[in-house]
Amino acid sequence: MALSSFTTPSGFLLPSIHSAPPFFTEQPNPRTQAQFTAQWTRLILTYARHRKLFMLRVEDAEVAGGDWDEILRNERINRRILPSHLSSLLDTMVASEQAAFEPPKQSRAAIIYWRTPEEWADALHAWAVATGQLNTILTFYEIADPPVPSPLSGIPIPLLRRAVTFLVKSNRAQIISVADGEGVRLFAAK
Amino acid sequence: MALRRYTTSIDGTIPAPALVYSDEEVLASQDNVGIYDGLQKAPDHQNGTIHVTSHRLFFVHASRPHALSFAMDLAHIVRTESYSGLFSSSPKVTLILDPDTAYDDITSISASTSTLDIAGNVGVSDQVNFASWTCEVCNHRNPPGLSPTAAKVCALCGVPRSAVPSSSSISSSLPSSSSLPTSVLSTRTATPDIPVKGTTSEITCPACTFLNVPSRTMCEICGTPLPISTAGASAKSAPVSRPVTPSGGGPNANESLIKISFRKGGDKAFYAILRRSLKAQAWEGRRIGAGTPKGGPGSGQGTTMAGGTADTGAPRRLGIGIDAILRNVETSAQNTEDDLNDAFKDLDALMIKAKDLVQLAEELNEKLTTSSSTTTEKFRTDTVPSFVSSAASSTVSAGSSRYEQFTATTLVPSTEPEEATFIRSSLSQLGLQMANAPITADMIKDERRWVEELARELAQVLQGSPNDFGRSRPGKAGPGSGVGIMKRRGIVALDEVWGGWNRARGVSLIPPSTFLQALPHLVTYTSPPIQTRTFKSGLMALHTPPYTHTAFAARLAGYLTIFDGMNTPQVAEEEGVAVGLAAEMVDAVEQDGTICRDDLACAIVGGGAGGAGGAGVDVRWVMNEWEGYQWDGQE
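Think of each chain on its own: its residues are numbered from 1, step by step along the sequence as written. A letter from A marks each chain and a number from 1 marks each ligand, given out in the order of writing. For this predicted model, a pLDDT threshold of at least 70 governs which residues receive local features, and a threshold of 80 or more governs which side-chain atom pairs are given and counted, while totals over whole chains, interfaces and linings are taken from all residues. Hydrogens and water are ignored here; the side-chain numbers use all heavy atoms of the structure.

Condition: UniProt positions are given in the numbering used here, feature names are shortened, and annotations may be inferred rather than shown by experiment.
Where an unreviewed UniProt entry is consulted, chain B appears under the name Vacuolar protein-sorting-associated protein 36, with the organism given as Coniophora puteana. Turning to chain B, the UniProt annotation filed under Function (unreviewed entry) states: "Component of the ESCRT-II complex (endosomal sorting complex required for transport II), which is required for multivesicular body (MVB) formation and sorting of endosomal cargo proteins into MVBs." Here chain B is described in UniProt, under the heading Subunit (unreviewed entry), as follows: "Component of the endosomal sorting complex required for transport II (ESCRT-II)."

As named in an unreviewed UniProt entry, chain A is ESCRT-II complex vps25 subunit, taken from Coniophora puteana. Here chain A is described in UniProt, under the heading Sequence similarities (unreviewed entry), as follows: "Belongs to the VPS25 family."

See below:
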């Protein structure tokens, strides 16, 4: 069975395993399933980074037409991932801190950490430095939805808050309450 | 002689129900019976029907019912014995008769002189009652046809009948029932059912001059009492014509018993009814008060009553009150117990005999087996040397007989001599083929050996006779001839093996626990070795080497590579095993991670509907080719 990788319309290069029907079935054998889960995790993270997708929901496996269709379904081999399978994948990713349920205390939707909060913190700081916004107070919304597109465009507020928390710990930022929510003042690295 | 002294002749052409008294009833009948007079067969009474009524026994001769039938009062019977028969001897009921109640020879006109004095030989006791009479006290007209006892008292007022014309010819030793005869006249004439052959003259009615038949006591027209028929009297008083009684008239044991031989069975039921009838003592029935026979107002006939009557009457008159009921219950319980004891004694005796027989058969069979096994083994070593394995040679004898058990008849190794074959087949047809018999715990004392023997036996059941290997068996190509359960199948679930084994054993079935104990030993006795395998679900199976996990996994990998994925039924078909077993085996391989599943529930179109876990048949198995998968997608 010669499986080959495939490039999606969005320009994403799917791995060859995505063309294998068993890949979409949740395997009872834990070892086999661990292998498949690792590939799935990597696939999800890679695709999320490619498309800059932050949220993955179980609903994405239930209904077609979402952002994730290119990896959750494979029309060429007539296979799709079952919601239950996706749900357990999310569980695994959350457990290995590659994702976090958002909102917390449920398991239907999660923020995919295609960058870890630390990496986001660095990215935020680098962006602030690059755009000359050190020592100014920025609201979370200004960061997540800047007038000029940035690497952080579209970042979910909870993820942003976690990134800022890291900056606060390393004394590179200060959280300030502002009228319309929260604000942050970034400092130059010491 | 008893026959003559206790019975009275009757006309057997009349159906039994018509012969009985009005208060008597026929309880049972049995044909094909013969009568023994004493210990000897009564030559004239060897084929007839016997009826038992509440009062009497009737014997109706089959071919000459008119001449050779008789009746006997149950009152004569002191005791009864039953004999259930043996081989050609028919079951019999012995009636031991009371010597004191025997008719005197004068009154009992011999049955053998039957036809001539027919009127006379309708026993006195019977005839007494066939007349109607008028009670002196209440003037009630008592109907005829009552039994002697019942006829003794007035049906209305219960006063004993007193006006008995003293009959000259009735002796003093009459039984109680006949102690109240009306007269010879009535005796004679009150039996309208009996055809009178020796009619000498009609009786002229003194009032209307109608010529009445001699049997009437009253004129048929006007009801006037008729004068005594002289003809009847002469018949009565003709003792000269009767055969001479044996001298020394004292009744001995032989004379006072009668046996009824049941040539065609029916004795049990008959005997039970007879006993019940005897117990009921219906002939004592309507007697009033205790002392009636002796102390009644009609003391005039006291002289006619023999002492014996009172003696025999007294102990029988127990059928009154709670005491009698209790006694009846006791008696029947006692009878039941006796019968049971007898039956068990018989059974014990039979078992002892049977044991000898079985032992004999066992020895014989053992001899045959040893001789045949040596020859067969020699034969095999000569012809098929390649086959000889230790297991085969050690189990050859058991194997051959196991073979026979499957084919159920006479099959023995063909090298056995003809005679041995014949003997063996005879034994097996008798169900005495001991080597065939399943091994039971009591045959082997040692627990370990018992289990090992069981394993050996099981091996035969599973793999069939070792004789089947290598050579053809002429004339024995019947279906399933000696083929064991696993002869053609590599893996069989344990439940099937257990069921098959117990079916082959037939008796002394093996409980599952013992079965499991025997399994580990199985590998020693089987070739190729059969092993036990427990699946993850707990299902256990026996399998041959090709069905070990690794061997199967290798084969499965081959199938999956060739066919590019298969579902479980396809695997089962390929392997020739049950789908359930195949599923278990495939699951076991999946546990290894060498294969993985492709659930059709994951199909976008078709297959599983909406991902509801209807998996199972829809699962396709494919090789797991992603063990060390290298990421070839987008970084």
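Next comes the rest of the write-up.
1. With respect to the overall build of chain B
Applied cut-off: Numbering goes from the N terminus for both helices and strands, where a helix is a DSSP run of H or I of at least four residues and a strand is a run of E of at least two. Classification of residues uses two cut-offs on accessible area relative to the type maximum, computed with a 1.4 Å probe and protein chains only: under 20% is buried, over 50% is exposed, and between them is partly exposed. Whether two residues are in contact is decided by their heavy atoms, any of which lying within 4.5 Å being enough. Throughout, the Shrake-Rupley method with a 1.4 Å probe supplies accessible areas, and for residues the shown protein chains are the sole cover considered.
In terms of regular secondary structure, chain B is built from 20 helices and 19 strands. Taken over 635 residues, chain B has a buried fraction of 47%. Taking contacts inside chain B between residues at least 6 apart in sequence as the whole, the part at least 24 apart equals 62%. Put simply, chain B shows about 30,600 Å² of open surface, and 58% of that area lies on carbon and sulfur atoms.

2. Focus: a nonpolar patch on the surface
Defined as follows: Patch rule: a residue counts if its relative accessible area is over 30% and it has no salt bridge; like charges are joined within 9 Å, and nonpolar side chains (Val, Leu, Ile, Met, Phe, Trp, Tyr) within 5 Å. A carboxyl oxygen of Asp or Glu within 4 Å of a side-chain nitrogen of Lys or Arg is what we treat as a salt bridge.
Taken together, the side chains of B:Leu340, B:Phe344, B:Leu347, B:Leu350 and B:Met351 define a hydrophobic patch exposed on the protein surface, amounting to about 530 Å² of accessible area. Along the chain, the position of B:Leu340 falls in helix H10 (residues 321–383).

3. Looking at the packing of aromatic side chains
Condition: What counts as a ring pair is set by centres within 6.5 Å for rings of Phe, Tyr and Trp (its six-membered ring), and what kind of pair is set by the plane angle: stacked under 30 degrees, edge-to-face over 60, tilted for all other angles. Placement of a charge over a ring requires the Lys NZ or Arg CZ to be within 6 Å of the ring centre, with the centre-to-atom vector within 35 degrees of the ring normal.
Tallied over the full model, the rule gives 13 aromatic pairs over all chains. For the pair A:Phe24 and A:Trp40, a centre-to-centre distance of 5.6 Å together with 85° between the ring planes defines the contact as edge-to-face. Here A:Phe24 is found in the loop between strand S2 (13–14) and helix H1 (30–51), whereas its partner A:Trp40 is found in helix H1, with 16 residues between them in sequence. Seen from their ring centres, B:Phe59 and B:Phe70 are 5.3 Å apart, and the 20° between their planes marks the pair as stacked. You can see B:Phe59 sitting in strand S5 (residues 56–61) and its partner B:Phe70 sitting in strand S6 (residues 70–73), a full 11 residues away along the chain. The class for B:Phe59 is buried, based on a relative accessible area of 0%. The buried category is assigned to B:Phe70, whose relative accessible area is 5%. Taken together, the ring pairs connect A:Phe23, A:Phe24, A:Phe36, A:Trp40 and B:Trp626 into an aromatic cluster. A cation over an aromatic ring shows up here: A:Arg76 above the ring of A:Phe6, its NZ or CZ 3.7 Å from the ring centre. Directly above the ring of B:Tyr36 sits B:Lys259, whose terminal nitrogen or CZ lies 5.8 Å from the centroid.

4. Here's the deal with the sheet that holds strand S10 (residues 181–186) of chain A
Sheet strands pair by backbone hydrogen bonding; their relative direction is either parallel or antiparallel. Residue and element names in this part refer to chain A. Basically, it comes down to this: Here, a strand pair is defined by DSSP locating no fewer than two bridges between the strands. Where helices are involved, their axes are fitted lines through C-alpha atoms of the stretch in contact, as for all axes, and angles between N-to-C directions lie from 0 to 180°.
Reading across from one edge, S8-S10-S9 is the order of the three strands in this open sheet, with antiparallel pairing throughout. Each edge of the open sheet carries a strand with a single partner, namely strand S8 (137–139) and strand S9 (173–178). Adjacent strand axes in the sheet meet at a mean angle of 35°, parallel and antiparallel pairs treated alike. Most of the contacts of helix H7 (residues 157–169) go to S9, to which it runs at about 125°, and overall it touches S9 and S10.

5. Remarks on the nonpolar core
As a reminder of what qualifies: Definition used in this section: a nonpolar core is a set of buried Ala, Val, Leu, Ile, Met, Phe, Trp, Tyr and Cys residues joined via side-chain atoms within 4.5 Å.
If you look at the biggest cluster of nonpolar residues, it comprises 64 residues, and the most contacted ones within it are A:Trp68 and A:Ile112. No other element matches the seven residues that H1(A) contributes to this core. Apart from the residues within four sequence positions on either side, A:Trp68 is in contact with A:Ile44, A:Tyr47, A:Ala48, A:Leu53, A:Met55, A:Leu56, A:Asp60 and A:Ile112. Counting 26 residues, the second-largest nonpolar core is a separate cluster that includes B:Ile50, B:Leu57, B:Met72 and B:Leu74.

6. A closer look at the pattern of salt bridges
All told, the structure shown has 14 salt bridges over all chains when counted by the stated rule. Among the salt bridges present, the one from A:Arg108 reaches A:Glu62, with a minimum N-O distance of 3.4 Å. Of this pair, A:Arg108 sits in the loop between strand S6 (99–101) and strand S7 (109–112) while A:Glu62 sits in helix H2 (residues 59–62), and the two are 46 residues apart along the sequence. Between B:Arg327 and B:Asp323 there is a salt bridge, with the nearest N and O atoms lying 3.0 Å from each other. Linking B:Arg327 with B:Asp323, this pair stays in helix H10, spanning four residues, or about one helical turn.

7. Remarks on the interface of chain B and chain A
Applied cut-off: A 3.5 Å cut-off defines polar contacts: any pair of N or O atoms within that distance qualifies, except that in protein one atom must be a possible hydrogen donor and the other a possible acceptor, and neighbouring residues in sequence count only when both atoms are side-chain atoms. Lys, Arg, Asp and Glu make up the charged group, whereas Ala, Val, Leu, Ile, Met, Phe, Trp, Tyr, Cys and Pro make up the nonpolar group; the residues left over, Gly among them, are polar.
Every contact between the two is made by 29 residues of chain B and, on the other side, 35 residues of chain A. Our count for the contact surface shared by chain B and chain A stands at one salt bridge. In this assembly, chain B and chain A are joined by 12 residue pairs in polar contact (both at pLDDT 80 or more). The class makeup of the residues in the side of chain B that touches chain A is 11 nonpolar, seven polar and 11 charged.

8. Some points on the sheet that holds strand S16 (residues 540–543) of chain B
All names here are of chain B. The strand order across the open sheet formed by three strands is S14-S16-S15, and the pairing between neighbours is antiparallel. Whereas interior strands pair on both sides, the edge strands pair on one side only; in this sheet they are strand S14 (491–493) and strand S15 (531–534). Across the sheet, the mean angle from the axis of one strand to that of its neighbour is 30°, orientation sign disregarded. Bridge count for S14 against S16 is three bridges, and the pairing is antiparallel. Within S16, the position partnered with Ile 491 by the bridge is His 543.

9. Thoughts on a negative patch on the surface
Note the following rule: Only four residue types enter the tally: Lys and Arg on the positive side, Asp and Glu on the negative side, with His and both chain ends excluded. The atoms used to mark charge sites are NZ of Lys, CZ of Arg, CG of Asp and CD of Glu.
Taken together, the side chains of B:Glu337, B:Asp338, B:Asp339, B:Asp342, B:Asp346 and B:Asp348 present a region of like negative charge at the surface. Within the secondary structure layout, B:Glu337 lies in helix H10.

10. Some words on the packing of helix H18 (residues 549–563) of chain B against helix H20 (residues 579–592) of chain B
All names here are of chain B. Selection rule: Roughly parallel covers angles under 35 degrees, roughly antiparallel covers those over 145, roughly perpendicular covers 65 to 115, and oblique covers all other angles.
Between H18 and H20, the least distance of the axes is 10 Å, while the angle of their chain directions is 85°. In this view, H18 runs roughly perpendicular relative to H20, as classed from their interaxial angle. Across from His 549, Phe 552, Ala 553 and Leu 556 in H18, the residues of H20 making contact are Met 585, Val 586, Ala 588, Val 589 and Asp 592. Looking at the contact of H18 with H20, its residues break down into seven nonpolar, one polar and one charged.

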